[in-house]
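# Notes for the structure review
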Amino acid sequence: MGGKAASMAVARGSAAIFQGLRHVCNKNSPKFPSLACTGLPLRHQKCQYASTQGLDLEEERPQFPGSTKAEFTLNMDFHLPEGAPGIPVYRVMDGEGRILKSSEDPQLSKDTVLEMYRKMVMLSTMDGILYNAQRQGRISFYMTNYGEEGTHIGSAAALDPQDMAFGQYREAGVFLWRGYTLDDFMNQCFSNDLDYNKGRAFPVNFGSKEHNFATYSSPLATQMPHAAGAAYALKRAGTGLCVVCYFGDGAASEGDAHAAFNFAATLDCPVIFFCRNNGYAISTPTTEQYRGDGIASRGSGYGMATIRVDGNDTFAVYNVTKAAREMCVTENRPVLIEAMTYRIGDHSTSDDSSAYRTHDEVNHYRGNSPITRLQRYLINQGWWDTEQEADYREAAKQQVMEAFRVGEVRKKPPLSDLLTDVYDTMEPHLVKQTQHMLHHIRQNKEQYPTTDIFTEEK
Ligand SMILES: Cc1ncc(C[n+]2csc(CCOP(=O)(O)OP(=O)(O)O)c2C)c(N)n1
Ligand SMILES: [Mg+2]
């Protein structure tokens, strides 16, 4: 008998022994009426009958430190994920903007819902203008948020503005909700002297201390362990605040995502991991990214409370984020939200998505966008009409264009800021690079309209 066959036989033998014990214990013996053997797994049974037979059932409990919940089984059943039902998608409104169950209506005031809607339209308007500005060569890069406005505004509105936010790059609506102004967006995209990043990051790398939003970092998922750490710090400080950490379906494949989930779960960190599952990581569709049921299916593996939500239903996103926040701050535990949505725009201005998906597919989602759905709700309520819609869209365009005009013509940040804030005293290799740079700039001054060339040249 080969080694494998032999071990199978041993396994079958021990299975038979366990089966026997189970069988004996399940007998309702008239001799022992107090017998508590009701078919419960062996480890739950203090079986008098067994003990009279000299059988120590305690011995048969799984004693492995790796799982404190497991029970023995006599059935060799592999857990096949394809056999499990899909994790349901929570929603509040249907596509026509009708509330499906009154108990789920978040009962937001007219003013609040109008503010949410206006911010979503403003975001989309800004996206259109900055996308075209890149096409005209006026900014170097841009990423639109089309289709994901509901995930941004729905979640942001449910949080405390003091909750620390970490993002990936496609969360401009959260900034907008928190009061980051159109000027702030423009200053960053034009890298001018009012940019909070001092011109050191390319467009879309927003961040603001004032708005409790950590600056984006281009390498995917690096924000996730930072978010877990920040949540741990907030817990230790007893602030009653939580952290929200946005990330994409693609970023969830990074090792940092695993590290963040596991740290947050084992250290009981009050962090909401908010996955924007928009169907793509640039050109890679989710069908090629993973074999499990989305990102939500990973939550219980880490021991996290998890929910999946219709990301195009702004009220559903609001409800789950509000409830997740409550769990985070009252129970000190991480929560995973997977918001199902669709990236309507190209990945970025460096992408042409018609190379890997059809116009029909995109148009299907465009017709069911979160903006359309919330607009239908507003119209159903009698709070909005087509005239107000046209007026607001025009006003939004004017506001964005005005901020654009102002931001575009401002000078660049002082070059003296370029190499500061990292080292206390400048490293020799940076001194050398600075000299090279100054030489180059002196020779090409007209190309560098900064507020100073270098401090000595002011
Ligand atoms: C570590 C790392 N690997 C690869 C990239 C290149 N990259 C930038 S965005 C992106 C796709 C991310 O997709 P997803 O997380 O789903 O976010 P989405 O763009 O869909 O919002 C990739 C692969 C990167 N920035 N960092
Ligand atoms: Mg994605």
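Note that the coordinates shown come from a computational prediction; the quantities given were computed from them, not determined experimentally.

### Considering the overall build of the protein
Along the backbone of the protein there are 14 helices and seven strands. Per-residue burial over the protein gives 46% buried out of 458 residues. Across the protein, contacts joining residues at least 24 apart in sequence account for 70% of those joining residues at least 6 apart. Of the roughly 23400 Å² that the protein leaves accessible, carbon and sulfur atoms contribute 53%.

### With respect to the coordination of the magnesium ion (ligand 2)
Surrounding the magnesium ion (ligand 2) are the protein donor atoms Asp249 (OD), Asn278 (OD1) and Tyr280 (O), which sit 2.1 to 2.3 Å from the metal. Mapped onto the sequence, the residues coordinating the magnesium ion (ligand 2) show the spacing D-x28-N-x1-Y. Of this pair, Asp249 sits in the loop between strand S2 (243-248) and helix H8 (255-266) while Asn278 sits in the loop between strand S3 (271-277) and strand S4 (280-281); the two residues are 29 residues apart in sequence, bridging distant segments of the chain.

### Here's the deal with the packing of aromatic side chains
Tallied over the entire structure, the rule returns 23 aromatic pairs. Aromatic pair Phe175 and Tyr216: ring centres 5.7 Å apart, planes at 85°, arrangement edge-to-face. One end of the pair, Phe175, is in helix H5 (residues 172-177); the other, Tyr216, is in the loop between helix H6 (182-189) and helix H7 (223-237), and 41 residues separate them in sequence. Tyr216 carries the same exposure label as Phe175, and that label is buried. Note on Tyr280 and Tyr342: the rings are 6.2 Å apart at their centroids and 80° apart in plane angle, and the pair reads as edge-to-face.

### Overview of the side chain of Asp195
Considering the arrangement of structural elements, one finds Asp195 in the loop between H6 and H7. One buried charged residue, Asp195, forms no salt bridge at all, with the nearest opposite charge on Arg200 at 8.4 Å. Within the structure, the side chain of Asp195 is placed 2.9 Å from the backbone nitrogen of Gly199, a separation counted as a polar contact. Discounting residues that sit within four places of it in the chain, Asp195 has contacts with Asn187, Gln188 and Arg200.

### Topic: helix H3 (residues 110-135)
In this model H3 runs 38 Å from its N-terminal to its C-terminal C-alpha over 26 residues, within 8% of the 38 Å that 1.5 Å per residue would give. Phi turns positive, to about 80°, at Gly137, one or two residues after H3.

### Side note on a negative patch on the surface
A cluster of acidic residues, Asp385, Glu387, Asp391 and Glu394, forms a negative patch at the surface. Turning to its location among the elements, Asp385 is positioned in the loop between helix H12 (370-381) and helix H13 (386-409). With a relative accessible area of 35%, Asp385 lands in the partly exposed category.

### Overview of the environment of Arg118
Of note, Arg118 is situated in helix H3. Residue Arg118 is classed as partly exposed on the basis of its relative accessible area of 28%. Sequence separation between Arg118 and Glu389 is 271 residues; the distance between their C-alpha atoms is 9.4 Å. Once residues lying within four places of it in the same chain are set aside, the contact partners of Arg118 are Trp384 and Tyr392.

### Section: the side chain of Asn212
Along the chain, the position of Asn212 falls in the loop between H6 and H7. Judged by relative accessible area, Asn212 falls into the buried class, the value being 17%. Those residues within four positions of Asn212 in sequence are excluded, and the remaining contacts are Pro161, Gln162, Asp163, Met164, Ala165 and Arg178.

Basis of the calculations
- Residue positions within a chain follow its written sequence, with the count starting from 1.
- To read the labels, note that chains go from A and ligands from 1, taken in the order they are written.
- Since the coordinates come from a predicted model, pLDDT governs what is reported: local features require at least 70, and pairs of side-chain atoms require 80 or more to be given and counted, while whole-chain, interface and lining totals use all residues.
- As a rule here, side-chain values come from all non-hydrogen atoms in the structure, and water together with hydrogens is ignored.
- Numbering goes from the N terminus for both helices and strands, where a helix is a DSSP run of H or I of at least four residues and a strand is a run of E of at least two.
- Burial classes follow relative accessibility: with a 1.4 Å probe on protein chains only, a residue under 20% of its type's maximum area counts as buried, one over 50% as exposed, and anything between as partly exposed.
- Here, residues are in contact when the closest pair of their heavy atoms is within 4.5 Å.
- In short, Shrake-Rupley with a 1.4 Å probe defines the accessible areas, and a residue's cover is counted only from the protein chains shown.
- Sodium, potassium and calcium take a 3.2 Å donor cutoff, other metals 2.8 Å, and in both cases only N, O and S atoms count; water is not among them, so sites may look incomplete.
- Only the six-membered ring of Trp is used, alongside the rings of Phe and Tyr, when aromatic pairs are assigned; centres must lie within 6.5 Å, and planes under 30 degrees apart are stacked while those over 60 apart are edge-to-face, with the rest tilted.
- Only four residue types enter the charge count, namely Lys and Arg as positive and Asp and Glu as negative; His and the chain termini do not.
- The salt bridge criterion pairs a side-chain nitrogen of Lys or Arg with a carboxyl oxygen of Asp or Glu, the two atoms within 4 Å.
- Polar contact is the term for a pair of N or O atoms within 3.5 Å; when the atoms are in protein, one must be able to donate a hydrogen and the other to accept it, and sequence-neighboring residues count only if both atoms are side-chain atoms.
- Helix span, expected: 1.5 Å multiplied by one less than the number of residues in the helix.
- For patch building, the residue pool is restricted to those with more than 30% relative accessible area and no salt bridge; the joining distance is 9 Å between like charges and 5 Å between nonpolar side chains (Val, Leu, Ile, Met, Phe, Trp, Tyr).
- Note that the charge is assigned to NZ on lysines, CZ on arginines, CG on aspartates and CD on glutamates.

What is shown is where atoms sit, not what they do.
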